[in-house]
Amino acid sequence: MDVKRSTAAKSGTLQNWMYDGEPMKKRLEAAAQKMPLSQTMQALAYMEKAHAGQLRRTGNPQQPVVPYAIHPLSLAVHALALGITDDDLLSAALLHDVCEDCDIACADLPFSRNVQEIVSRLTKDAGCAERSGKEAALAEYFENLQESPEAMLIKLLDRVNNLASMSGCFSKAKMREYIEESERRILPMAEPIRAARPEWDAPVFLLEYQMVSLITALRPLVYERL
């Protein structure tokens, strides 16, 4: 039987995509040019420059680190694959760690006011933790996220990506903390996103499914007896 190869197969396996940003970048650029998504194109270039030289652990001993830019790029391509083509959301997904990790003020981002606000809500305030303590700072952070369906959706994308790569990077105690936070604070964001943006119901369902599946697969490893 003549079986046509998928797009992913033609340009490399999906596993390779996790460690090579070029196929994802080409996919995002093609979509951005076609729609068009001019701000997303600008955000991609800005993000790559801001994160240049930064690395991210993969948990894979064969390739322990990759350029950090692959993480935000993965979020944007994931959103696109779920059918989300909102220019502000894709731009903010690309930029979600720029202010927190690159010492850039959200107000200085050369993007729309809405993108600045979404990124600001996704940026943790280190000073707040010092002033009020870790738990109070986290409570304030998640409360601010609740006011933006775009920020909450990006947080779901971010958490799915982080859960998928945390084994081999985090200690078991850190993984347990991460899973518990995901169940207590992140998964409940699904309903307010649906209420605010009913057209995102299907993408939100898929993100819920992916997150629950990852947590279920990780739980035996994380909670096994030492």
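Just so it is clear, the model here is predicted, and its values are computed rather than measured.

Rules behind the numbers
Residues numbered from 1 in each chain as written. Predicted model: local features only at pLDDT ≥ 70, side-chain atom pairs only at ≥ 80, totals over all residues. Heavy atoms only, no water. Helix = DSSP H or I, 4+ residues; strand = E, 2+ residues; numbered from the N terminus. Contact = heavy atoms within 4.5 Å. Salt bridge = Lys/Arg side-chain N within 4 Å of Asp/Glu carboxyl O. Buried < 20%, exposed > 50% of the residue type's maximum accessible area, 1.4 Å probe, protein only. Patch = residues over 30% accessible without salt bridge, like charges linked within 9 Å, V, L, I, M, F, W, Y side chains within 5 Å. Areas by Shrake-Rupley, 256 points an atom, 1.4 Å probe, with all protein chains shown as cover. Phe/Tyr/Trp six-rings, centres within 6.5 Å; stacked < 30°, edge-to-face > 60°.

Chemist: So what about the environment of Leu145? Which residues, and what values?
Modeler: Note that Leu145 resides in helix α10 (residues 134–145). A C-alpha to C-alpha distance of 8.4 Å links Leu145 and Lys155, two positions ten residues apart in sequence. When neighbours within four sequence positions are excluded, Leu145 is seen to be in contact with Arg121, Leu122, Ala151, Met152, Lys155 and Met189.

Chemist: Go over the pattern of salt bridges with me, naming the residues and quoting the values.
Modeler: A side chain of one charge can pair with a side chain of the opposite charge when the charged atoms of the two come close. One pass over the full model with this rule turns up 14 salt bridges. Two residues, Glu48 and Lys25, come together in a salt bridge whose shortest N-O distance is 3.2 Å. A residue pair is termed long-range when its members are at least 10 positions apart, and Glu48 in helix α4 (residues 38–50) and Lys25 in helix α3 (residues 21–34) qualify at 23 residues. A residue is classified by how much of its surface remains accessible, and Glu48, at 28% relative accessible area, is partly exposed. Given the relative accessible area of 19%, Lys25 is considered buried. A network of salt bridges, in which partner residues are shared, links Asp86, Glu150, Arg197 and Glu199.

Chemist: Pulling in residues and values, what's your account of a nonpolar patch on the surface?
Modeler: A grouping of Phe205, Leu206 and Tyr209 is seen on the molecular surface, where their side chains present a nonpolar patch of about 340 Å² in accessible area. Note that Tyr209 resides in helix α14 (residues 201–223). For Tyr209, a relative accessible area of 55% gives the class exposed.

Chemist: How would you sum up the packing of aromatic side chains? Please name residues and give values.
Modeler: A full pass over the atoms with the stated rule returns three aromatic pairs. Their ring planes at 90° and their centres at 5.5 Å tell us that Tyr46 and Phe111 sit as a pair that is edge-to-face. Residue Tyr46 is found in helix α4, and its partner Phe111 is found in the loop between α7 (98–102) and α8 (113–122); the two are separated by 65 residues along the sequence. For Phe111, a relative accessible area of 10% puts it in the buried group. On the basis of an interplanar angle of 75° and a centroid distance of 5.1 Å, the ring pair of Tyr141 and Phe142 is categorised as edge-to-face.

That's the geometry; what it means functionally is another story.
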